[in-house]
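So you can see what is in the structure, the chains are spelled out below.
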Amino acid sequence: MKVIFMLAQMLVLSIVYIIIYTSFLAVGYAIKQYGASPVMYFPVVIALVIFPILLYKYRQMFNAGHMLVATIWMMGTASLTIVLLYVYISQMTG
């Protein structure tokens, strides 16, 4: 089960990092097109740093025997990160 959970974490991490990369591109576009401040990168950098730390905490939770809770938190955090980045980018460019 630990291997399956680790593979799931790697899949979720890659999906979230694809969204983060796309957000970096969108912020760069907004800076270039609309003259926004480079400070607009801050929320995307925070997501880039915080998400792997949370995945590590969820792996510790999984190894402590709370398998279902760790899986739910992992998927919930990934979904929330993706939605918040989408809302941030849509507010910035639209």
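Attention here is on the structure that accompanies the text. No experiment lies behind these values; they were computed from the predicted model shown.

Parameters at a glance
Residues numbered from 1 in each chain as written. Predicted model: local features only at pLDDT ≥ 70, side-chain atom pairs only at ≥ 80, totals over all residues. Heavy atoms only, no water. Helix = DSSP H or I, 4+ residues; strand = E, 2+ residues; numbered from the N terminus. Expected span 1.5 Å × (residues − 1). Buried < 20%, exposed > 50% of the residue type's maximum accessible area, 1.4 Å probe, protein only. Contact = heavy atoms within 4.5 Å. Phe/Tyr/Trp six-rings, centres within 6.5 Å; stacked < 30°, edge-to-face > 60°.

**Notes on helix 2 (residues 42-63)**
End to end, helix 2 covers 32 Å across 22 residues, agreeing with the expected 32 Å (1.5 Å per residue, within 8%). Looking only at helix 2, the buried set comprises V44, A47, F51, L55, Y58 and F62. The elements touched by buried residues of helix 2 are helix 1 (2-34) and helix 3 (67-93).

**Focus on the environment of V16**
Tracing the backbone shows V16 in helix 1. A sequence separation of twelve residues divides V16 from I4, and the C-alpha atoms of the two residues are 18 Å apart. Ignoring sequence-local partners within four residues, the contact set of V16 consists of F51, A78, T81 and I82.

**Comments concerning the packing of aromatic side chains**
How two aromatic rings sit relative to each other is set out by the distance from centre to centre and by the angle between their planes. Applying the stated rule across the entire model yields four aromatic pairs. A ring pair is formed by F5 and F62, whose centres lie 4.2 Å apart and whose planes are at 5°; its orientation type is stacked. Of this pair, F5 sits in helix 1 while F62 sits in helix 2; the two residues are 57 residues apart in sequence, bridging distant segments of the chain. Per residue, the accessibility class of F5 equals that of F62, and both read buried.

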